[in-house]
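# Breakdown of the fold
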Amino acid sequence: MMDRNQQAFIEEARDLLSGLEDSLLEIEHDPLNSELVGKIFRAMHTIKGASSMFGFDAIASFTHDIETAFDAVREGVVAVTPQLVSMTLASRDHISALLSSAESEVEPDLELTSAGDELLKRFRELVPQTPPGKTDTGSPHDVKQMMPETNQRAALYRIHFKPPENILLRGLDPMNLIQELAAMGEERHVVHSEETSPDESRADLCHSVYDVLLSTSHPLESLQDVFIFVEEDSELRIEKLADASACDKDVWQRLIEAMQASKGVPTSVLISMIKEAHQIHQRVRNESSTYGGAGGQHPDLKSAQSIKVPSERLDKLVNLVGELVTVQARLTQAAVNLSDPSLTQIAEEVEALISELRDNAMSIRMVPIGTTFGRFKRLVRDLSAELGKEIQLVTEGEDTELDKTVIERLGDPLVHMIRNSIDHGIELPAQREQVGKARAGTIRLSASHSGTSVKISISDDGAGFDTEAIRLKAVMQGMIDPDATPTEQELLSIVFAPGFSTAKEVTSVSGRGVGMDVVHRSIEELGGQIEVSNSPGKGATITLKLPLTLAIIEGLLVKVGSELFVLPLASIKECVELPALEQRRGKGGQLINVRGEIIPYVRLRDFFGITGETSTYEYVVITEIDGRRCGFAVDAVLGEHQIVIKSLGLMYKDVEGISGATVLGDGTVALIIDIPPLIAVAVRERERLVRFETIAGDDSRNKRN
Amino acid sequence: MSKVIMTVDDSTSIRQMVAFTLGGAGYQVIEAVDGKDALDKLGDSSTIDMLVTDLNMPNLDGIELVKGVRAQQRHKFIPILLLTTESQETKKQQAKAAGASGWIVKPFNANQLIDVVRKLLK
């Protein structure tokens, strides 16, 4: 039943919101402009005031906190930050959404309400709370209604209420007041009758006394407010008995029994009953924890079973465990060298313990990936709305745990891939209907364990990748030869090449000049791999394979001359002997034939310019990354090792092809090879060399200068 | 079925504001210009669920209206909300003794009025 005035208000509010947006965008670049601050404040004030006058309570109460924030800005208590501006912009959108739901006369849905609550929470964190009464909204009663003090600790109250005799004749029902209390929390009550025999003829007079127990997180004043119209004439006592957490069901029952038994049981008696019960409880708890009894199942204890620790301490712990693993390797080595049976036994025990300790330390840093998934719901909602698409996000495997560093660095790539799915993958609702799909597209984000790695896949039921379009674009951008016949997998991998985009037009969502190459780079940095599977017209799936942790990897130790290198085992397919014939082919195209497959390889000796004696036999370690194989020629393969990764320090952070170093059991240092960049450098190097040879006709075999 | 509230005030703008506010909150509102008009309109009607009345009015003031309403068996328990100002404490006490259910102090905003009406109409 929207009336004309309400309609007028909605129109006015829309105008205000549109002006508000402009002011906000302006103030971001001019945060000290007090005129703009005033303008924003007035807009919020008007919206709040008018919406409350016209019965749009949800809008009024939501706007209140934002108005408060800008009042604080006016007073110089709070500064205009980009964060404040974006929060206020989000609030503007929220108010607009509330207006729309008011206009269509539907209750705001849960999602909208919780989004609003989330925003308000952030505002309250940002802005010091205005003491009640300081706001210009009227009585404290009003303010409390608008800002429920959710952080207030719950407490148990006893309310003794003897209403005025004539309460019914004033059109008030005491039971309504008790029900109002009950709505604030958990309530039980006892009703006694006045001793003075009630006048039978006057059923309209009230002689009841109410004794109420209420556990609530509302402040005392809210409780008093319930009795606002009768407190002057009533006998009313509201007393706090205890923190609500101190009372379980048994205690409640005993308190109620005591209150039933005698009308005027003193509050002090009730309090001591609670304390006594609490002490017994405490004693039981202590005993059960001392004797490891079943008391540990108490819900209170469960919360105490997890503790918060600053993440630096965990990092430190993991580092120390890493050192320990290194020292233990040396101990094992020494035991072998000394061939002392008792020392060997000790070394083995230490090894077993340390490996358990390592696993434990690692597991402490594991965080469920669900924490990251949460933020994508909003992203999908906002972006799909912006693009006029209907998309639902389905998440699976939120419990899958990953090292927290991996999770932290995974956020942005995931955002980018989801954006890509929303923007380029899922079609517009009308298009989807045309090809017989449901109007709403689905993006499925799932995580699962697979051996020592975690698989994260983002799949959508959209149009999939158009490989022909990719080919044309790649040719246009000079990334591939027009005559080349790349495989589908090769075409798909072009999507991850720097600067590549197939978007027909630049939208505000994905066309921001950051391509999927950034995703590729980030995942590579995490030691992960990307796989794309595509079914044109039906959708695409991008799967990320990530190591569980970054600190310790399984590696293959190899030797070139007197130098040691580690290749991450996860990428290694096999090791083959390099036939002497192939060795001689050398220069220009280093290729090896492995069971009919021609695989390029990099000779680490050449690459790192290692001199010294060459071995009779060389070996090629074949690696596979993102479906592409490449070999590394080495002098010897020494075996698998648990490798604790040490960073090389700032000086060497830009060295391509080396991701770190590790200290081996005998104290020597081995460099850890970062496979993809090393291949990239090798390819670049070779091209440069070929060019040089072509120009100068130089036949020198010296590949490095 | 929406509840029916009668607003009693000699000021047209206050009546309109109350009617407007409570109307927006989903109540049906009828207006009376003073206590006498209110009693006439109340009559034997059983369709009115609540009164919202001013204290100072010509013909029959708020206190007399409360007394008049409570004197009728039919309206013995109907909630009556007073619109008062800070300076009307004595009158408020008299009206309360006569059977007024509650009061709201002017100036008030729409939300406060709706809250109080909801509370009294439970």
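Just so it is clear, the structure is predicted and the values come from calculations on it, not from any experiment.

## Re the environment of Gly264 of chain A
Tracing the chain through its elements places Gly264 of chain A in the loop between α9 (249-261) and α10 (267-290). A residue is classified by how much of its surface remains accessible, and Gly264 of chain A, at 61% relative accessible area, is exposed.

## Quick look at the pattern of salt bridges
One pass over the structure, following the stated rule, counts 31 salt bridges over all chains. A salt bridge links Asp233 of chain A to Arg170 of chain A, with the shortest nitrogen-to-oxygen separation between them at 3.4 Å. In this pair, Asp233 of chain A is assigned in the loop between α8 (220-226) and β4 (235-243) and Arg170 of chain A in the loop between β1 (155-162) and α7 (174-182), connecting sequence segments 63 residues apart. The exposure class of Arg170 of chain A is buried, given its relative accessible area of 1%. The residue Glu232 of chain A makes a salt bridge to Lys96 of chain B at a minimum N-O spacing of 2.8 Å. Taken together, the residues span two chains, with Glu232 of chain A in the loop between α8 and β4 and Lys96 of chain B in helix α4 (residues 89-98). One connected set of salt bridges, linked through shared partners, spans Arg170, Glu232 and Asp233 of chain A together with Glu89, Lys92 and Lys96 of chain B.

## Some points on the packing of helix α1 (residues 12-24) of chain B against helix α5 (residues 110-120) of chain B
All names here are of chain B. Put simply, α1 and α5 touch, their axes get as near as 10 Å, and they point 70° apart. Relative to α5, the element α1 is oriented roughly perpendicular. Relative to α5, α1 is oriented so that their crossing is right-handed. Between α1, through Met17, Val18, Thr21 and Leu22, and α5, the contact on the second element is made entirely by Ala110, Leu113, Ile114 and Val117.

## Description of the confidence of the model for chain A
Residues and elements named next belong to chain A. Mean pLDDT over chain A stands at 77; residues scoring 70 or higher make up 82%. Taken element by element, the predicted model of chain A shows its lowest mean pLDDT in helix α6 (residues 140-146) (37) and its highest in strand β13 (residues 563-568) (90). Here residues 505-514 is a poorly scored stretch, pLDDT under 50, and it has 15 contacts once near neighbours within four places are set aside; other chains count. A low-confidence stretch, residues 697-705 stays under pLDDT 50, and its non-local contacts, those more than four residues away or across chains, total 20 contacts.

## Overview of the sheet that holds β4 of chain A
Residue and element names in this part refer to chain A. The strand order across the open sheet formed by 4 strands is β2-β3-β1-β4, and the pairing between neighbours is antiparallel. The strands lining the two open edges of the sheet, one partner per strand, are β2 (185-193) and β4. Adjacent strand axes in the sheet meet at a mean angle of 15°, parallel and antiparallel pairs treated alike. Bridge count for β2 against strand β3 (residues 208-216) is 9 bridges, and the pairing is antiparallel. Note that in β3 the partner of His192 across the bridge is Val209.

## Concerning a nonpolar patch on the surface
On the surface, a cluster of nonpolar side chains totalling about 360 Å² of accessible area is made up of Met651, Tyr652 and Val655 of chain A. As for its placement among the helices and strands, Met651 of chain A is situated in the loop between β19 (636-644) and β20 (658-663).

## Quick word on the pairing of strand β18 (residues 628-634) of chain A
Residue and element names in this part refer to chain A. Along β18, 5 of the 7 residues are buried, which leaves the element largely enclosed by surrounding structure. In this sheet, β18 lies alongside strand β16 (residues 597-603) in parallel orientation, the contact comprising 3 bridges. Note on β18: the bridge partner recorded for Val602 is Phe632. Here strand β17 (residues 618-625) runs beside β18; their pairing, made up of 7 bridges, is antiparallel. If you follow Tyr619 over to β18, its bridge partner there is Val634.

## Quick look at the packing of helix α15 (residues 404-425) of chain A against helix α19 (residues 516-525) of chain A
All names here are of chain A. Viewed as axis vectors pointing N to C, α15 and α19 meet at an angle of 150°, and their least axial separation amounts to 9 Å. One way to sum up the angle between α15 and α19 is to call them roughly antiparallel. Relative to α19, the crossing made by α15 is left-handed. Contacts between α15 and α19 involve Arg409, Leu410, Pro413, His416, Met417 and Asn420 from the first element and Met516, Val519, Ser522, Ile523 and Glu525 from the second. Among the residues making up the contact of α15 with α19, the classes are represented as 6 nonpolar, 3 polar and 2 charged.

The rules behind these values
Residues numbered from 1 in each chain as written. Chains lettered and ligands numbered in written order. Predicted model: local features only at pLDDT ≥ 70, side-chain atom pairs only at ≥ 80, totals over all residues. Heavy atoms only, no water. Helix = DSSP H or I, 4+ residues; strand = E, 2+ residues; numbered from the N terminus. Buried < 20%, exposed > 50% of the residue type's maximum accessible area, 1.4 Å probe, protein only. Salt bridge = Lys/Arg side-chain N within 4 Å of Asp/Glu carboxyl O. Axes fitted to C-alpha atoms, helices over the stretch in contact; angles between N-to-C directions. Parallel < 35°, antiparallel > 145°, perpendicular 65-115°, else oblique. Left-handed = near helix turned anticlockwise from the far one by under 90°. Contact = heavy atoms within 4.5 Å. pLDDT = per-residue confidence, 0-100. Pairing = 2+ DSSP bridges. Patch = residues over 30% accessible without salt bridge, like charges linked within 9 Å, V, L, I, M, F, W, Y side chains within 5 Å. Areas by Shrake-Rupley, 256 points an atom, 1.4 Å probe, with all protein chains shown as cover. Nonpolar A, V, L, I, M, F, W, Y, C, P; charged D, E, K, R; others polar.

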